[in-house]
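Observations on the three-dimensional arrangement
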Amino acid sequence: MNVTKFSKIAIACASASVGAILAMSGHAVAASKPLTFAMITHAQPGDTFWDIIRKGANAAAAKDNVKLIYLADPTADKEAQLIDNVVQQHVDGIALTLAFPQAMEKNVKEAEAAGIPIVGFNAGGDDWKKAGLLMYVGQDETIAGKAVGDKLNAEGAKSVLCVDQQQGAVQLEERCNGIKATFKGKYQILYTTGYDMPTVKSRVQAKLQQDPSIDYVVTLGAPFAPSVLGAISAAGGKAKLGTFDLTPEAVNLIKAGKLQWAIDQQPYVEGYEAVDLLWLNKTNGDVVGGGGPLLTGPAFVTKANVAEVAKFAKAGTR
Amino acid sequence: MMTVTTEKTDVEVPRHVPQVAALWRRIATRPEAGALGGAILVYVFFFVTAPPFRHFAAFTTVLYQAATIGIPAVAVALLMIGGEFDLSAGVAVTMSSLASSIFATKLGVGLVGGAILSLLLSLAIGALNGWLLIRTKLHSFLVTLATFLMLQGLNIAITKLVTGNVATSDISAMPGFNQLQTIFASNIVIGGAQISIAIVYWLVFMALATWVLLRTKVGNWIFAVGGQGDSARAVGVPVVQVKIGLFMLVGFSCWFLGQHLLYAYNTVQSGAGIGNELLYIAASVVGGCLLTGGYGSAVGSALGAFIFGMTTEGVIYADWDPDWFQFFVGAMLLLATVVNTWIRLRATKGK
């Protein structure tokens, strides 16, 4: 009796997943055998920032008539494995974030040995040449960090707290090191764990209570800015806040004067250009950048210029 | 009454000492005794090493972090006493916030309607977990691992499908937001420190769960189902209903925390919540629940969550090198758990 019921459930599950697979593959197989590119990132699933990158990549893929495989994993070895995965699929080009250069080195070399052109974007601005990537599009994170340090000096900050949501990711470390290089006051870092907002809030709150001299907080990702604002007000509320990257909420907070600034690296452009550069390389042999990176940032969004950014942020592309 | 009082005045002195010993043994053999010892140890440790930790404001920060783990952990503890796991609880919290927000903004049912539909969905997922468990006779570890992964995928996929983004839109401008925020996420200011209402709910849930466990028939059923499922069934305990009910209780607690998160932070990232299910289980186990079921307490789960909150925040108050953060947290948890087990063993041997 139970066996039949069990098998019914099993069949139901199996047919549901087959249906899901069919549904997923349905729209991808449309046009006549175009080029296939893979995009590999270290995104945490369900992150607004990475979604904007992906939107840019999809826009370029649609324009260039390219089939795009998107894969992501926030851990070093898994992201490296994804490279092997797409090499085995014989893709025509790979756009990847070089977030964990050492861990990914071997896999990148194998892809290059297989004759697949690789464009780096978003992470790995210091390492992409060493790893032998063709081109790199993104913000130089160290430059961005230095710009933040200068900004903090100009605003008269004395003691800054940097909130890092992913301990060990190089592009976040580069931002911090950039701030450290130019900022003249006291610099401290606090690590949090991804998107668990109560944890972000209570850890920042604890840090501000532990060191009341902190007068400026910088979050390395925009989704954390609202939670950190809550922590600042709960802890007594005199520290100012700035953030890397943009979200629609961050735009509203800048408008309201609660967030001083956001440093924008234009993720949409990163995703778009990474795919487009591969396409130019495959179809026309182009290498862009003259040996240097193609810079998409940093640009400060402040109360003065937030209005023009706002309408694009609302559409989810800034 | 009268006889008791006369007797008491007569023999008060000779009875005093054995009574204290009996009370001590009663406390020490409770499942949460070890966790209480561990909590006191961790508290004293940070009280001594981290001066900012001594302030009331710091205490409320710790309690808030503890409450966001403790609310689902109370229900998870009951479920574990009932002999089952729920690995889907972490993402179920995120699912409840996402569902509430999406229902409210896309179905036009308003925020209250969104919250109610989200509650029904959370209870349904709990019931589904329980039903799958009973029907397939698989271990709950496997069943809820599957629902955990499915929910994780659904959270992102459906959010993206419906909103076009991977985070929900800001709901703070919608009518009714302020009232619901008062219910789920208001702050009470006492002595210059913000106390989140989540802490109050946490303590209320803990008290209710303790009362149910120790004073009602349902409580007895939960212990019986987790300890000796077949014998329980033989003596007429409705095993299936109890188990499905426990999963639905976890669903309720996830819904509640999910609403708190939504109204405290206005938007929700659809990738949030992963890994928290282990914190709920850890809080329950540190608090004295056995992994095999049939033993544990709701107060213990709260102490477990409190230990975790103190540890993660204490490391910051002590201003230890942030690179070592996770290591310190792990080491402190290990220390608390070792003390916990040591107390429990001594108490049971001392009988």
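Please read all numbers here as calculations on a predicted model, not as lab measurements.

Assigned secondary structure in chain A consists of 11 helices and 12 strands. For chain A, the proportion of its 318 residues judged to be buried stands at 53%. Pairs at least 24 residues apart make up 74% of the contacts formed inside chain A by residues separated by at least 6 positions.

For the rest of this paragraph, the subject is the domain arrangement of chain A. Residue and element names in this part refer to chain A. Partitioning chain A into domains gives domain 1 (32–139 + 267–287) and domain 2 (141–264 + 302–314). Centre-to-centre separation of domain 1 and domain 2, based on C-alpha positions: 28 Å. Contacts between domain 1 and domain 2 engage 13 residues on the former and 14 residues on the latter.

We now examine helix α3 (residues 76–88) of chain A. Residue and element names in this part refer to chain A. The first and last C-alpha atoms of α3 sit 19 Å apart over 13 residues, in line with the 18 Å expected at 1.5 Å per residue. Where α3 is concerned, the buried positions are Glu79, Ala80, Leu82, Ile83 and Val86. Projection of α3 onto a plane perpendicular to its axis shows the buried side chains occupying an angular sector of 145 degrees, all on one side. Of the exposed residues in α3, the ones pointing more than 90 degrees away from its buried face are Asp77 and Gln88. His90 sits one or two residues past α3 and shows a positive phi near 50 degrees.

Attention now moves to helix α6 (residues 140–163) of chain B. Residue and element names in this part refer to chain B. Helix length check: α6, at 24 residues, gives a terminal C-alpha distance of 33 Å against a target of 34 Å (1.5 Å per residue), a fit within 8%. The complete set of buried residues in α6 reads Ser140, Val143, Thr144, Thr147, Phe148, Leu151, Gln152, Asn155, Ile156 and Thr159. Tucked into the core, α6 has its buried residues touching α4 (89–106), α5 (110–136) and α12 (276–286). Downstream of α6 by one or two residues, Gly164 has phi in the positive range, about 80 degrees.

Leaving glycine out, the prevailing phi sign among residues is negative, and the prevailing peptide bond configuration is trans. Of note, the amide linkage connecting Gly297(A) to Pro298(A) takes the cis form, showing an omega dihedral of 5 degrees. Tracing the backbone shows Pro298(A) in the loop between β11 (294–295) and β12 (299–302). In this structure, Gln266(A) takes a positive phi of about 55 degrees despite not being glycine. One can find Gln266(A) in the loop between β10 (261–264) and α10 (267–284). Phi at Asp319(B) takes a positive value of approximately 60 degrees, unusual for a residue other than glycine.

Quick look at the sheet that holds strand β8 (residues 216–219) of chain A now. All names here are of chain A. Strand order in the open sheet formed by six strands is β7-β6-β8-β9-β10-β12, with mixed pairing between adjacent strands. At either end of the open sheet lies a strand with only one pairing partner, and these are β7 (186–191) and β12. Geometrically, the sheet is characterised by an average inter-axis angle of 20 degrees between neighbouring strands, direction not taken into account. In the sheet, strand β9 (residues 240–244) pairs with β10 via three bridges, with the strands oriented parallel. The residue of β10 that forms the bridge with Phe244 is Ile263. Each of β6 (159–164), β8, β9, β10 and β12 touches helix α5 (residues 141–154); the most contacted strand, β10, lies at about 160 degrees to it. Along the sheet, helix α7 (residues 197–210) contacts β6, β7 and β8; its crossing angle with β7, the most-contacted strand, is approximately 150 degrees.

Here we take up the packing of α3(A) against helix α4 (residues 101–113) of chain A. Residue and element names in this part refer to chain A. With their axes 8 Å apart at the nearest point, α3 and α4 run at an angle of 10 degrees to one another. Of the possible angle classes, the one that applies to α3 and α4 is roughly parallel. Facing Ala76, Asp77, Glu79, Ala80, Ile83, Asp84 and Val87 of α3, the residues of α4 in contact are Ala103, Met104, Asn107, Val108, Glu110 and Ala111. Across the contact of α3 with α4, the residue classes break down as eight nonpolar, one polar and four charged.

Pairing between sheet strands relies on hydrogen bonds along the backbone, with the strands arranged either parallel or antiparallel. Residue and element names in this part refer to chain A. Spatially, six strands are ordered β2-β1-β3-β4-β5-β11 in an open sheet, and the strand pairing comes out parallel. The outermost strands of the open sheet, each flanked by one partner alone, are β2 (66–72) and β11. Contacting β1 (35–41), β2 and β3 (93–96), α3 crosses the sheet at an angle of about 170 degrees to β1.

Thresholds, definitions, all that
- Per chain, the residues get numbers from 1 upward, laid out in the order the sequence is written.
- Here every chain gets a letter starting at A, and every ligand a number starting at 1, in the order they are written.
- Per-residue local features are limited, in this predicted model, to residues with pLDDT of at least 70; the limit for side-chain atom pairs, both in listing and counting, is 80 or more; totals at the level of whole chains, interfaces and linings are taken over all residues.
- Helix and strand assignments follow DSSP, with helices taken as H or I runs no shorter than four residues and strands as E runs no shorter than two, numbered in order from the N terminus.
- Comment: burial labels come from other C-beta atoms within 10 Å of the residue's own C-beta, placed from the backbone, where a count of 20 or more is buried, 12 or fewer is exposed, and between is partly exposed.
- Throughout, a pair of residues is in contact if the C-beta atoms placed from their backbones lie within 7 Å.
- For each domain, the first and last residues come from an automatic or database assignment.
- To estimate how far a helix should reach, multiply one less than its number of residues by 1.5 Å.
- This arc corresponds to the set of directions leading from the helix axis out to the C-beta atoms.
- Strands are labelled as partners when DSSP assigns at least two bridges between them.
- A fitted line through C-alpha atoms represents every axis, and for helices the fit uses only the stretch in contact; the resulting angles, taken between N-to-C directions, go from 0 to 180 degrees.
- Geometric relationships in this document are graded by angle, where less than 35 degrees denotes roughly parallel, more than 145 denotes roughly antiparallel, 65 to 115 denotes roughly perpendicular, and other angles denote oblique.
- Each residue is assigned to one of three groups, with Ala, Val, Leu, Ile, Met, Phe, Trp, Tyr, Cys and Pro labelled nonpolar, Asp, Glu, Lys and Arg labelled charged, and all others, Gly among them, labelled polar.

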